[in-house]
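Here is how the chains run, residue by residue.
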Amino acid sequence: MSRSNPDPDLLRGGLFPPLLEAAVRLAARGHYNQFRKSVEDPAGDNPSGGFLPDRVPYITHLIGTMCILARLGARDEVLAAAVLHDYLEDVPDPDGRETIALLLDDEVLSLVLEVTEDKRRDLDLTDTWDIRKREQLEHLAGMTGDAVLIKAADVLHNVLTLALDLDAAHDAQAVLDRFNAGPEKQLWYFESVAEAVEGRLGDHVLSRELNTAVARLRATLNP
């Protein structure tokens, strides 16, 4: 027998609350045709053209960031913001702020704004890499505690997945060439974030794991 109205108990959330459902749906729609930095696909840009192991949907990074924070017991608002932490940077939604506020709430929007980088889309991303990363480091010092958690989880997931890609790659240089800055600059940024996170969170498990992951990445790049 079908229901004409949803069960009100389901709407209250339980193990998977509507706030996270809304965040995941919005992120999946917004980033649906975006992929993580990968080796160029010689077959073109059509993701339906066959299985391409180097073309990893961008949503995996957002879910990965959220999962790190979920294992730490973060609040639903923090988890929702983690899923949407790149929405305002990378999704072509001119009303992005209003979209997040309408479909989620003002607290989630505020957290997303805290971790949003000014990409300077009118300029080459390689040319602006240094200033963008330095701005992020300066901004991290004044972020709220919840925003620091999101930023730390974001970078931790990036470091861990980069290490995985390097370990699995036939050509490590091809992996490194995907980025807007070389490996030494990437390491400088990751180490600087880890130091800043430790300064904000102290001896926190997220800080410890980030420091460990960055140290292992450096060892991988500079054996």
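Structure shown above.
The shown structure was predicted, so the numbers you read here are calculated from the model rather than taken from an experiment.

(A) Summary view of the overall build of the chain. The helix and strand tally for the chain stands at twelve helices and zero strands. Mapped from its N terminus to its C terminus, the chain presents α and β elements in the order α-α-α-α-α-α-α-α-α-α-α-α. Here the chain, with 223 residues, has 41% of them falling under the buried criterion. Sequence-distant contacts, at least 24 apart, represent 68% of the contacts inside the chain between residues at least 6 apart. Carbon and sulfur atoms form 53% of the exposed surface of the chain, whose accessible area is close to 12600 Å².

(B) Structural detail: the packing of helix H2 (residues 18-30) against helix H6 (residues 96-103). It is the contact of H2 with H6, at a shortest axis distance of 10 Å, that shows an interaxial angle of 150°. Judged on the interaxial angle alone, H6 and H2 are roughly antiparallel. For H2 against H6, the interelement crossing comes out right-handed. Residues Ala22, Leu26 and Arg29 of H2 pack against Thr99, Ile100 and Leu103 of H6. Considering only residue class, the contact of H2 with H6 consists of four nonpolar, one polar and one charged.

(C) Spatial organisation of the environment of leucine 160. Counting through the fold element by element, leucine 160 comes out in helix H9 (residues 145-168). Measuring from C-alpha to C-alpha, the distance between leucine 160 and leucine 210 comes to 9.0 Å, with 50 residues separating the pair along the chain.

(D) Region of interest: the packing of H9 against helix H11 (residues 183-201). One can describe the packing of H9 onto H11 by two numbers: an axis separation of 10 Å at closest approach and a directional angle of 145°. For the pair H9 and H11, the crossing hand works out as left-handed. Along the contact surface, H9 presents Gly145, Val148, Leu149, Lys151, Ala152, Val155, Val159 and Leu162, while H11 presents Tyr189, Phe190, Val193, Val197, Arg200 and Leu201. Across the contact of H9 with H11, the residue classes break down as eleven nonpolar, one polar and two charged.

(E) Structural context of helix H3 (residues 59-71). Here H3 is 13 residues long and its end C-alpha atoms lie 18 Å apart, about the 18 Å a rise of 1.5 Å per residue gives. Turning to H3, its buried residues are His61, Leu62, Gly64, Thr65, Met66, Ile68 and Leu69. Each element contacted by the buried residues of H3 is listed here: H2, helix H4 (76-83), H9 and helix H12 (205-221). Downstream of H3 by one or two residues, glycine 73 has phi in the positive range, about 80°.

(F) Representation of the side chain of histidine 61 within the structure. With respect to the secondary-structure elements, histidine 61 resides in helix H3. For histidine 61, the side chain forms a polar contact with the side chain of aspartate 154, separated by 2.8 Å. Ignoring sequence-local partners within four residues, the contact set of histidine 61 consists of Arg36, His85, Asp86, Asp154, His157 and Asn158.

Definitions and limits used
Residues numbered from 1 in each chain as written. Predicted model: local features only at pLDDT ≥ 70, side-chain atom pairs only at ≥ 80, totals over all residues. Heavy atoms only, no water. Helix = DSSP H or I, 4+ residues; strand = E, 2+ residues; numbered from the N terminus. Buried < 20%, exposed > 50% of the residue type's maximum accessible area, 1.4 Å probe, protein only. Contact = heavy atoms within 4.5 Å. Areas by Shrake-Rupley, 256 points an atom, 1.4 Å probe, with all protein chains shown as cover. Axes fitted to C-alpha atoms, helices over the stretch in contact; angles between N-to-C directions. Parallel < 35°, antiparallel > 145°, perpendicular 65-115°, else oblique. Left-handed = near helix turned anticlockwise from the far one by under 90°. Nonpolar A, V, L, I, M, F, W, Y, C, P; charged D, E, K, R; others polar. Expected span 1.5 Å × (residues − 1). Polar contact = N/O pair within 3.5 Å; in protein donor to acceptor, adjacent residues only side chain to side chain.

By themselves these figures say nothing about function.
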